[in-house]
Amino acid sequence: MKCNITNKNVEEIMSFGKMPIANGFLNEKDKSSEYFYEMTVGLSPDLGLFQLTNFPKVEMMFHDKYPFFTNSSSYMRNHFKKYAEWISKEFIENNSDKIIEIGCNDGTMLENFKNNKIESLGIDPSGNVAKIAKDKGLNIINSFFSENLTYSLNQFKSKTKVICAANVICHIPDLNDLIKGIDKLLSKKGVFIFEEPYLGSMINNVSYDQIYDEHIYIFSAISVEKVFSLYGFELIDIYPQITHGGSMRYVLARKNEYSKSPKVNKILGEELKKGFLDIDLYMRFKLNCLRSKERLNDLIDLSLKKNQRIGGYAATSKSTTILNFCSINSNKIDCIYDTTPEKIGKLSPGSHIPVIDSEEFKINPPDTCLLFGWNHKNEILEKEKNFASNGGKWISHIENFI
Ligand code: TYD
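Residues numbered from 1 in each chain as written. Predicted model: local features only at pLDDT ≥ 70, side-chain atom pairs only at ≥ 80, totals over all residues. Heavy atoms only, no water.

I would appreciate a short explanation of the overall build of the protein in the present structure.
The number of helices and strands found in the protein is 13 helices and 16 strands. For 402 residues, the compact-globule formula gives about 21 Å, and the C-alpha radius of gyration of the protein, at 21 Å, lands near that figure. Taking the principal axes of its C-alpha atoms as reference, the protein extends roughly 65 × 50 × 40 Å. Within the span of the protein, comprising 402 residues, buried residues form 57% of the whole. Long-range contacts, defined as pairs at least 24 residues apart, comprise 71% of the intrachain contacts of the protein with a sequence gap of at least 6. Within the structure as shown, the protein displays about 16,800 Å² of accessible surface, and the carbon and sulfur contribution to it stands at 49%. (Helix = DSSP H or I, 4+ residues; strand = E, 2+ residues; numbered from the N terminus. Rg over C-alpha atoms; globule rule 2.2 N^0.38 Å. Buried < 20%, exposed > 50% of the residue type's maximum accessible area, 1.4 Å probe, protein only. Contact = heavy atoms within 4.5 Å. Areas by Shrake-Rupley, 256 points an atom, 1.4 Å probe, with all protein chains shown as cover.)

Take a look at the structure:
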C-alpha cells in the first residue's frame, strides 16, 4: 500500500529488509506461510513527513486477534489517567461537551472520563480489544475511523469538543480521509489532540525500532503543522512527553480559533535548524542504523562466545524490527519474556524466537538480556531488580542506554 497524502513525492531513505507483521506472533505450524514485505522508509520533503513507503494492508495488522493491550503497562495506565485529567481541565467546559477517542484499544484512556458525565465514544478496528472496552461499559464502535463512519455519528457531528488519540494516528495511512472525518465531527471550538513517538527522539536515540508496519508515519511538529494546515487546521500547542522513549503531544484547532502557544514556533524553529526538512539528516540516520545493527550483533556475539545464555525482555512490536533488521533468531536468543497471554507460547514474527511467560525470568533468568521494552525501562528494571544484582547483564540496541 502507498500513503495517499504524499505519494507524489517521496524520497527513499533506506530499506530495513524483509519484515513480517510486527504483531504477527505465530504458531509453529504457520511458519511456512508467514507474510513478509520489504520495509522501506522515505521523506516527503514538501511536508517533512517521515513515512513507510510500502506497508501491508491495514486489515492484516488490526483484527480480532490484535495482541496489544494498553493496559499492560502500569506506567502507561497512569499516563493515560493524567492525559485524561489534563484534557478535562483544559478543554471540557460543561456536561454537554462530547469526546471521541480514535483507537481506544481496551478503553484504558476513555474509562477515565466515565465519572465526568460527558458523552464519550471510542472507536477501534480490533474486535478483541474493543470488546474489553465495551465490557467496561464504554460506548464503543468496532471499526476503522474514516470520513464515511462519521455519517453514522449524527449526535457527534459538529458537536464534539475533543477528539483525542494516543499512538494511533501514525497507524492511519489515509491522512486526507482522517482529517476530513475529524473536520466533520469537531465543533467550531473543538480540538484534536494526539500524541505519538517523536521523530526527533527517534533520530537522537537511533531508536529505529519505532519503525514498523503499524507506524506508517513518524511525526514531527513540522510535518503535523504542514499536513493539517492543508485542511484549515493549525497547531496551537505542543507538549513533549517521555512515553515511548520520547513522544510529542500535538493540539490542533481550526485556524484562528485559539491563540498559539509560543512553544509551537520555538519547536518548529528548532526542528528547522536541526534539518528536519533536509534529506541529509535522514541519510545520517541511515548510517547510524547500520552502525547500531553492527554494534548489537557484536554485543550478542561477545556473550555467545562466553557461552552465555541470552534472552529478550518484552515481545514488543518494536522487537520485530530489531530482530529482523539485525538477522537475530533463535540460534542467538533463547526466548523472549512477556506478560501478554496472547503472545506467550507463540513465536516472534520472522525471527521465530519462543515467547514465554515473564514469570520464568525470575525462576530461570538468562545471563544476558536484551531489553526490547526499553521505553518501559524504569518499570521493568525496578520489577526485575534481582536480575542485575545477581550478576545478570541488560543490553540494548540503543547505545549508552543501560
Ligand atoms: P510496548 O512498548 O507498549 O510495545 P509496542 O512496541 O508493541 O508498542 O510494550 C508492550 C509489550 O511489552 C507487551 O508485549 C507487554 C510487554 N511488557 C512486559 O512483558 N513486561 C512489562 O513489564 C511491560 C511494561 C511490558
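Hey, could you run me through the side chain of serine 126 in this one?
Mapped onto the elements, serine 126 comes out in the loop between β5 (119-124) and α3 (127-135). Side-chain polar atoms of serine 126 contact the backbone nitrogen of histidine 63, separated by 3.5 Å. Leave out the neighbours within four places in its chain, and serine 126 touches Phe62, His63, Asp64, Tyr66 and Asn142. (Polar contact = N/O pair within 3.5 Å; in protein donor to acceptor, adjacent residues only side chain to side chain.)

Please clarify how the pattern of salt bridges should be interpreted in this entry.
Pairing between side chains of opposite charge can happen when their charged atoms approach one another. For the structure shown, the criterion picks out 21 salt bridges. Measuring nitrogen to oxygen at the nearest pair gives 3.3 Å for the salt bridge that ties lysine 29 to aspartate 30. The class for aspartate 30 is partly exposed, based on a relative accessible area of 28%. Salt bridges here are not isolated pairs; linked through shared partners, they connect Lys188, Lys189 and Glu257. (Salt bridge = Lys/Arg side-chain N within 4 Å of Asp/Glu carboxyl O.)

Sorry if this is basic, but what is going on with unusual backbone geometry here?
Excluding glycine, residues mostly have negative phi values, and the peptide bonds linking residues are mostly trans. The phi torsion at valine 206 lies on the positive side, around 55 degrees, for a residue other than glycine. Note that valine 206 resides in the loop between α6 (199-205) and β9 (217-218). Although it is not a glycine, asparagine 307 adopts a positive phi angle of roughly 60 degrees. Tracing the backbone through its elements, the reader meets asparagine 307 in the loop between α9 (279-305) and β12 (310-313). Since its relative accessible area comes to 72%, asparagine 307 is described here as exposed.

For this particular structure, what's the right way to read the site of the ligand?
Taken together, 19 residues form the shell around the ligand, and within it Ser317, Lys318, Lys343, Asn375 and Lys383 come nearest. In the model, an oxygen atom of the ligand is placed 2.6 Å from a nitrogen or oxygen of the lysine 318 side chain. Across the complex, the protein chains shield 96% of the 560 Å² of accessible surface that the ligand would expose by itself. Of all the elements in the fold, those that place two or more residues in the shell around the ligand are α10 (317-325) and α12 (377-383). (Near = heavy atom within 4 Å.)

Looking at this structure, I do not really get the domain arrangement of the protein. What am I missing?
Domain assignment breaks the protein into domain 1 (70-277) and domain 2 (307-395). Taken over C-alpha atoms, the centre of domain 1 sits 30 Å from the centre of domain 2. Taken together, the contact between domain 1 and domain 2 spans 13 residues of the former and ten residues of the latter. Summed over the three residues of domain 1 that lose the most area to domain 2, namely Tyr208, Asp209 and Tyr212, the buried surface amounts to 47% of that side. Joining domain 1 to domain 2, the criterion identifies zero salt bridges. Our enumeration of links across domain 1 and domain 2 arrives at six residue pairs in polar contact (both at pLDDT 80 or more). No other element matches helix α2 (residues 74-91), which puts three residues into the side of domain 1 that touches domain 2. Residue composition of the side of domain 1 that touches domain 2, grouped by class: five nonpolar, seven polar and one charged. (Domains from an automatic or database assignment. Buried area = accessible area lost by both parts, 1.4 Å probe. Nonpolar A, V, L, I, M, F, W, Y, C, P; charged D, E, K, R; others polar.)

Would you explain the packing of helix α7 (residues 221-229) against helix α8 (residues 262-274) in this entry?
To characterise two packed helices, one gives the angle between the axes of the helices and the distance between these axes. In the contact formed by α7 and α8, the axes pass within 8 Å of each other and the chain directions differ by 115 degrees. Relative to α8, α7 is oriented roughly perpendicular. Between α7 and α8, the contacting residues are Ala221, Ile222 and Glu225 on the first element and Ile267, Leu268, Glu271 and Leu272 on the second. Of the residues belonging to the contact of α7 with α8, the class tally is five nonpolar, no polar and two charged. (Axes fitted to C-alpha atoms, helices over the stretch in contact; angles between N-to-C directions. Parallel < 35°, antiparallel > 145°, perpendicular 65-115°, else oblique.)

What am I meant to see in the side chain of serine 247 here?
Summarising the element assignment, serine 247 is placed in strand β11 (residues 247-254). Here the side chain of serine 247 touches threonine 243 through a polar contact of 2.6 Å, landing on its backbone oxygen. For serine 247, the contacting residues outside a window of four places in its chain are Glu196, Pro197, Tyr198, Ser201, Tyr239, Pro240 and Gln241.

What is the right way to read the sheet that holds strand β2 (residues 37-44) from this model?
The strands that make up a sheet pair up through hydrogen bonds in the backbone, lying either parallel or antiparallel. Read from one edge of the open sheet, four strands run β1-β2-β3-β9, paired in antiparallel fashion. For this open sheet the edge positions go to β1 (11-19) and β9, each flanked by a neighbour on one side alone. Relative to the sheet, α10 contacts β1 and β2, its axis offset from that of β1 by approximately 85 degrees. (Pairing = 2+ DSSP bridges.)

In this structure, what is going on with the packing of aromatic side chains? I would like to understand it.
Two measures describe an aromatic ring pair: the distance that separates the ring centres and the angle between the ring planes. What the rule picks out here adds up to 27 aromatic pairs. The ring of tyrosine 239 has lysine 263 lying over it, and the distance from NZ or CZ to the ring centre is 3.7 Å. Just above the ring of phenylalanine 325 sits the side chain of lysine 293; from NZ or CZ to the centre is 4.8 Å. (Phe/Tyr/Trp six-rings, centres within 6.5 Å; stacked < 30°, edge-to-face > 60°. Lys NZ or Arg CZ within 6 Å of the ring centre and 35° of its normal.)

Honestly, the environment of phenylalanine 25 in this entry has me stumped. Any pointers?
You can see phenylalanine 25 is positioned in the loop between β1 and β2. As a C-alpha pair, phenylalanine 25 and tyrosine 66 span 41 residues in sequence and 9.8 Å in three-dimensional space. Ignoring sequence-local partners within four residues, the contact set of phenylalanine 25 consists of Pro67, Ala315, Thr316, Lys343, Lys346, Leu347, Ser348, Pro349 and Val355.

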